[in-house]
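Chain and residue survey
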Protein chains: 2
Amino acid sequence: MNDSVSANRVYNFSAGPCTLPLEVLVEAQAEFVDYQGSGMSLIEMSHRGKHFVAVHEEAKTLAKRVFRCPDEFEVLFLQGGATLQFAMVPMNLLGEGRRAGYVNSGSWAKGAITDAQCHGEIYTAWDGKDSGYTRMPTSDEIEIRDDTRYLHITSNETIGGIRYGEWPQVPVPLVADLSSEYMARPIPWERFDLVYGGVQKNLGPAGLAVVFIRKAIVEGLNKNIARYLRYDIHVDKDSMFNTPPVFAVYMLGKVLKWMEARGGIDAMEQAAARKAGLLYGAIDASDGYYRCPVEAASRSHMNVVFRLPSEALEAKFLDEAGKARFLNLKGHRSVGGLRASIYNAMPEQGVAELADFMASFRAANPT
Amino acid sequence: MNDSVSANRVYNFSAGPCTLPLEVLVEAQAEFVDYQGSGMSLIEMSHRGKHFVAVHEEAKTLAKRVFRCPDEFEVLFLQGGATLQFAMVPMNLLGEGRRAGYVNSGSWAKGAITDAQCHGEIYTAWDGKDSGYTRMPTSDEIEIRDDTRYLHITSNETIGGIRYGEWPQVPVPLVADLSSEYMARPIPWERFDLVYGGVQKNLGPAGLAVVFIRKAIVEGLNKNIARYLRYDIHVDKDSMFNTPPVFAVYMLGKVLKWMEARGGIDAMEQAAARKAGLLYGAIDASDGYYRCPVEAASRSHMNVVFRLPSEALEAKFLDEAGKARFLNLKGHRSVGGLRASIYNAMPEQGVAELADFMASFRAANPT
């Protein structure tokens with residue numbers, strides 16, 4: 001790897017799109033113009049040609065293997081992000097006389113609810129409003145009504161910085177938006193009918209959504225909608241119903257290979273716990289200087305949100321962090337404060353250095 | 001530019017994804033890992049950060065300028081390809097008591113019709129079936145019924161190799177799928193309410209659809225559908241409602257800049273006419289050895305389809321063309337034969353060499 005590239009590299013704590021493994025970027029760059037001596041770039045190739053078909057198949061195989069997804073599921077590569085899935089899930093799964101429960105855990109859950117309301121009968125199975133969206137519900141807090149087809153959850157709220165410490169155990173199948181902790185922890189597949197998420201956090205560049213769908217439900221899905229919106233079509237056509245987002249699928253495959261070479265999903269989960277532990281540790285050891293509004297059991301391992309004693313100190317922190325090459329630490333504009341997103345590709349070294357920076361900043365800026 | 005890259009470059013006649021300007025690929029490669037000295041790749045950056053916002057704004061401005069799009073239109077960058085537009089157009093534009101006419105000109109038009117039927121009342125305004133989809137209709141052949149909201153056309157059929165020599169003149173607004181000749185010729189904007197297309201032919205890598213929508217119709221669109229499917233939301237949020245396909249937008253901007261530096265859309269149209277002329281000339285001068293099934297006035301300037309005297313000769317042609325580094329000339333699997341796709345980025349030199357190859361092949365393989 002080119003030394004000047006490594007030397008100029010920053011620690012990018014963006015919530016997404018976000019940092020990717022440097023090794024993957026360097027490899028993709030090297031083969032960008034002339035892919036495997038073919039005389040053309042991969043992005044110039046027919047998606048039905050042998051080169052891309054191999055890339056596509058490998059990415060599918062890796063996605064299932066890295067996520068330890070059982071054979072009962074199909075993996076689909078789609079476009080439109082998790083946001084289009086907010087529409088597709090109810091359009092496909094909800095028919096006459098069936099409804100779905102939605103956990104309202106914050107900004108992303110609200111989006112899913114807003115969209116689902118247009119395409120099916122849904123109800124709020126738990127609402128985090130009273131607790132200020134600072135925690136996820138326990139299983140016994142979630143209301144499941146009769147004729148419920150599925151319960152929709154948002155496994156990690158990127159803006160609120162909360163996640164399910166324990167996956168819900170309810171008497172209906174789960175459907176989950178996993179976007180901001182996709183393949184950063186294993187999931188209990190037997191509880192799910194469908195999971196989805198954009199890849200632009202843990203897994204690749206923006207422009208690709210990955211859906212895992214239980215094969216047994218495909219035949220019974222709604223067929224009276226346009227073909228791009230139908231999961232059964234995408235299953236039947238192996239995600240090649242129309243031209244797939246070639247470059248994003250290719251990058252996903254490379255990131256998955258990188259993950260596998262580093263121990264796979266268990267290693268990612270453990271690293272995430274260590275990285276999150278460094279930052280929550282710095283917060284908890286600060287005598288209230290840094291405050292995380294999230295209840296301990298729901299603290300995200302991907303998006304660590306925290307406040308400083310004043311907005312003036314938050315601005316100063318951001319400014320000095322930027323000069324120290326810790327970038328994109330500003331909290332979402334809807335909630336303010338700070339947020340460190342520490343997805344799979346964020347090196348532990350970067351998080352350790354940020355924790356040190358937090359301690360130094362506190363020492364230099366007492367209240 | 002690296003000499004070995006140029007030396008190994010092939011002529012890629014793929015129908016899409018397809019050849020892109022080599023200069024653009026080389027430039028993108030150079031800045032791929034460390035974008036403008038920022039210490040990160042563009043694909044790692046927040047889509048709301050200054051770098052990508054600048055890329056996004058420039059691509060929008062260029063798209064409107066290169067296509068000579070008047071201020072009465074908004075440009076949108078979406079995902080899901082032209083195929084998702086098959087659904088979004090009727091979902092947004094057709095309400096109670098309104099219907100739409102669709103010209104059935106071949107494979108892609110049929111797709112648009114299939115999907116629109118699920119989301120609105122539509123009728124076939126002209127059907128190319130009787131003429132074997134070898135020509136487009138004239139304006140007076142197109143039936144427009146009462147209460148027609150729009151007429152949908154497919155400006156170029158990639159598989160059949162036909163295009164509208166003259167744009168239809170009808171008493172209702174046009175909606176057009178321009179995918180396979182997007183920005184390869186100017187359009188009479190005053191006749192259109194909306195045009196759309198994937199960029200993976202003339203304009204960039206797969207994973208991005210560009211929509212131009214007349215501003216005056218936005219307020220009256222259907223609002224009772226999920227937000228990703230609503231044009232008014234994307235207009236309101238400037239195509240940043242959710243995470244856009246960053247890399248594809250970036251590449252689109254580079255290709256548009258390349259087009260503008262080479263004279264813009266008029267130069268592209270003229271080059272396309274010259275390139276198509278070389279191949280149709282080779283066909284017409286072959287005493288029936290090469291046959292193009294398309295009627296002269298409807299011959300595509302983007303996808304030149306032709307047959308040889310036998311399937312055995314077609315196979316031999318493909319084989320020898322491949323050895324001579326003319327790649328991806330096989331016709332679509334649904335129709336057979338050969339097809340040379342000669343989009344904006346295909347050099348005239350490549351088409352001239354293919355025309356010469358056709359003459360030599362004919363001389364060497366008489367019937």
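Basis of the calculations
- Residues numbered from 1 in each chain as written.
- Chains lettered and ligands numbered in written order.
- Predicted model: local features only at pLDDT ≥ 70, side-chain atom pairs only at ≥ 80, totals over all residues.
- Heavy atoms only, no water.
- Domains from an automatic or database assignment.
- Contact = heavy atoms within 4.5 Å.
- Buried area = accessible area lost by both parts, 1.4 Å probe.
- Salt bridge = Lys/Arg side-chain N within 4 Å of Asp/Glu carboxyl O.
- Polar contact = N/O pair within 3.5 Å; in protein donor to acceptor, adjacent residues only side chain to side chain.
- Helix = DSSP H or I, 4+ residues; strand = E, 2+ residues; numbered from the N terminus.
- Nonpolar A, V, L, I, M, F, W, Y, C, P; charged D, E, K, R; others polar.
- Buried < 20%, exposed > 50% of the residue type's maximum accessible area, 1.4 Å probe, protein only.
- Pairing = 2+ DSSP bridges.
- Axes fitted to C-alpha atoms, helices over the stretch in contact; angles between N-to-C directions.
- Core = buried A, V, L, I, M, F, W, Y, C linked by side-chain atoms within 4.5 Å.
- 1 Å grid on protein atoms, 1.4 Å probe; cavity = no way out; pocket = protein on both sides within 12 Å on 5 of 7 lines; lining within 4 Å.
- Points joined across faces, edges and corners; volume = space filled by probe spheres on them.
- pLDDT = per-residue confidence, 0-100.
- Least-squares fit on C-alpha atoms with pLDDT ≥ 70 in both.
- Parallel < 35°, antiparallel > 145°, perpendicular 65-115°, else oblique.
- Left-handed = near helix turned anticlockwise from the far one by under 90°.

Focus: the domain arrangement of chain A
All names here are of chain A. Splitting chain A by domain gives domain 1 (26-260) and domain 2 (264-364). For domain 1 and domain 2, the distance between their C-alpha centroids amounts to 27 Å. Across the contact, 27 residues belong to domain 1 and 24 residues belong to domain 2. In terms of surface lost to domain 2, no three residues of domain 1 exceed Thr134, Ile159 and Arg163, which account for 25% of the buried area on that side. In this assembly, domain 1 and domain 2 are joined by two salt bridges. A salt bridge links Arg135 to Glu295; the nearest nitrogen and oxygen atoms lie 3.9 Å apart. Taken together, the links from domain 1 to domain 2 amount to twelve residue pairs in polar contact (both at pLDDT 80 or more). At the level of elements, strand S6 (156-157), strand S7 (162-163) and helix H8 (246-261) are the ones that each hand at least two residues to the side of domain 1 that touches domain 2. Ranked by residue count, the leading element in the side of domain 1 that touches domain 2 is H8, at three residues. When its residues are assigned to classes, the side of domain 1 that touches domain 2 shows eleven nonpolar, eight polar and eight charged.

A word on unusual backbone geometry
Residue and element names in this part refer to chain A. A cis geometry characterises the amide bond from Gly16 onward to Pro17, with omega recorded as -10°. Mapping Pro17 onto the fold places it in the loop between strand S1 (11-12) and helix H2 (22-30). The phi torsion at Met183 lies on the positive side, around 55°, for a residue other than glycine. With respect to the helices and strands, Met183 occurs in the loop between strand S8 (174-177) and strand S9 (192-198). Using a relative accessible area of 1% as the deciding quantity, one classes Met183 as buried.

Quick word on the sheet that holds strand S10 (residues 209-214) of chain B
Pairing between the strands of a sheet comes from backbone hydrogen bonds, and it takes one of two forms, parallel or antiparallel. Residue and element names in this part refer to chain B. Strand order across the open sheet formed by seven strands is S2-S10-S9-S8-S5-S3-S4, with mixed pairing between neighbours. The open sheet has two edge strands, strand S2 (73-78) and strand S4 (121-127), and neither has a second partner. Shown here is a sheet whose adjacent strand axes are inclined to one another by a mean of 20°, direction ignored. Its contacts with the sheet put helix H5 (residues 107-116) on strand S3 (99-104), S4, strand S5 (148-154) and strand S9 (192-198), and the angle it makes with S3 is roughly 155°.

Brief notes about the nonpolar core
Counting residues in hydrophobic clusters, the biggest one holds 194 residues, and the most contacted among them are Met183(A), Phe212(A), Phe317(A), Met183(B), Phe212(B) and Phe317(B). Judged by nonpolar contacts, the second largest core, of 64 residues, contains Tyr196(A), Leu221(A), Ile225(A) and Ile217(B).

Details of empty space enclosed by the protein
Summed over all chains, the structure comprises six cavities of 30 Å³ or more. Among the secondary structure elements, those contributing two or more residues to the lining of the largest cavity are H8 of chain A together with helix H8 (246-261) of chain B. Considering every element that reaches the lining of the largest cavity, the biggest residue donor is H8(B), with three residues. When grouped by side-chain class, the residues that make up the lining of the largest cavity number ten nonpolar, two polar and no charged.

Describing the confidence of the model for chain A
Per-chain confidence: chain A averages 97 in pLDDT, with 99% of residues scoring 70 or above. The ipTM for the predicted assembly is 0.97, set against a pTM of 0.97.

Re the relation of the copies chain B and chain A
Mapping chain B onto chain A leaves a residual RMSD of 0.0 Å; the transformation is a rotation of 180° accompanied by 0.0 Å of translation along its axis. In short, the pair behaves as if placed about a two-fold rotation axis. The share of interface residues of chain B whose copies in chain A are also at the interface is 100%, consistent with both copies meeting through the same surface.

Observations regarding the environment of Asp287(B)
Residues and elements named next belong to chain B. The topology assignment puts Asp287 in the loop between helix H9 (264-284) and strand S11 (303-306). Judged by its relative accessible area of 71%, Asp287 is exposed. When the C-alpha positions of Asp287 and Glu27 are compared, they lie 45 Å apart, and in sequence the two are 260 residues distant. Side-chain polar atoms of Asp287 contact the side chain of Arg362, separated by 3.3 Å.

Some thoughts on the interface of chain B and chain A
Each partner contributes residues to the interface: chain B has 66 residues there, and chain A has 66 residues. For the chain B and chain A pair, buried surface summed over both sides reaches about 4900 Å², with 60% attributable to carbon and sulfur atoms. When the area that chain B buries against chain A is broken down by residue, the three leading residues are Gln29(B), Val33(B) and Glu44(B), summing to 13%. Our count for the chain B to chain A interface comes out at four salt bridges. Counting across the interface, chain B meets chain A through 30 residue pairs in polar contact (both at pLDDT 80 or more). The class makeup of the residues in the side of chain B that touches chain A is 34 nonpolar, 25 polar and seven charged.

Here we look at the environment of Lys223(B)
Residue and element names in this part refer to chain B. Within the fold, Lys223 resides in the loop between helix H6 (215-218) and helix H7 (231-236). Judged by relative accessible area, which is 36%, Lys223 ranks as partly exposed. Each C-alpha atom of the pair Lys223 and Leu256 lies 33 Å from the other, and the pair is 33 residues apart in sequence. Dropping the residues within four chain positions of it, Lys223 is found in contact with Val218, Arg230 and Asp232. Engagement of the side chain of Lys223 in a polar contact is seen with the backbone oxygen of Glu219, the distance being 2.8 Å.

Quick notes on the sheet that holds strand S3 (residues 99-104) of chain A
All names here are of chain A. Read across the sheet, seven strands follow the order S2-S10-S9-S8-S5-S3-S4 without closing on themselves; strand pairing throughout is mixed. Edge positions in the sheet fall to strand S2 (73-78) and strand S4 (121-127), since each of these pairs with one other strand and no more. Sheet twist, expressed as the average angle between the axes of neighbouring strands with direction ignored, equals 20°. Here S2 pairs with strand S10 (residues 209-214) via six bridges, running antiparallel. Within S10, the residue paired with Glu74 across the bridge is Ile213. On the sheet, helix H3 (residues 50-66) packs against S2 and S10 and is oriented at approximately 130° with respect to S2.

A closer look at the packing of H3(A) against H8(A)
All names here are of chain A. Two elements in contact, H3 and H8, have axes separated by 9 Å at closest approach and are oriented at 45°. Regarding the angle of H3 to H8, the classification is oblique. Helix-helix and strand crossings are classified by hand; for H3 and H8 the assignment is left-handed. Here H3 contributes Phe52, Val55, His56, Glu58, Ala59, Leu62, Ala63, Arg65 and Val66 to the contact with H8, which in turn contributes Val246, Val249, Tyr250, Gly253, Leu256, Lys257, Met259 and Glu260. Looking at the contact of H3 with H8, its residues break down into eleven nonpolar, two polar and four charged.

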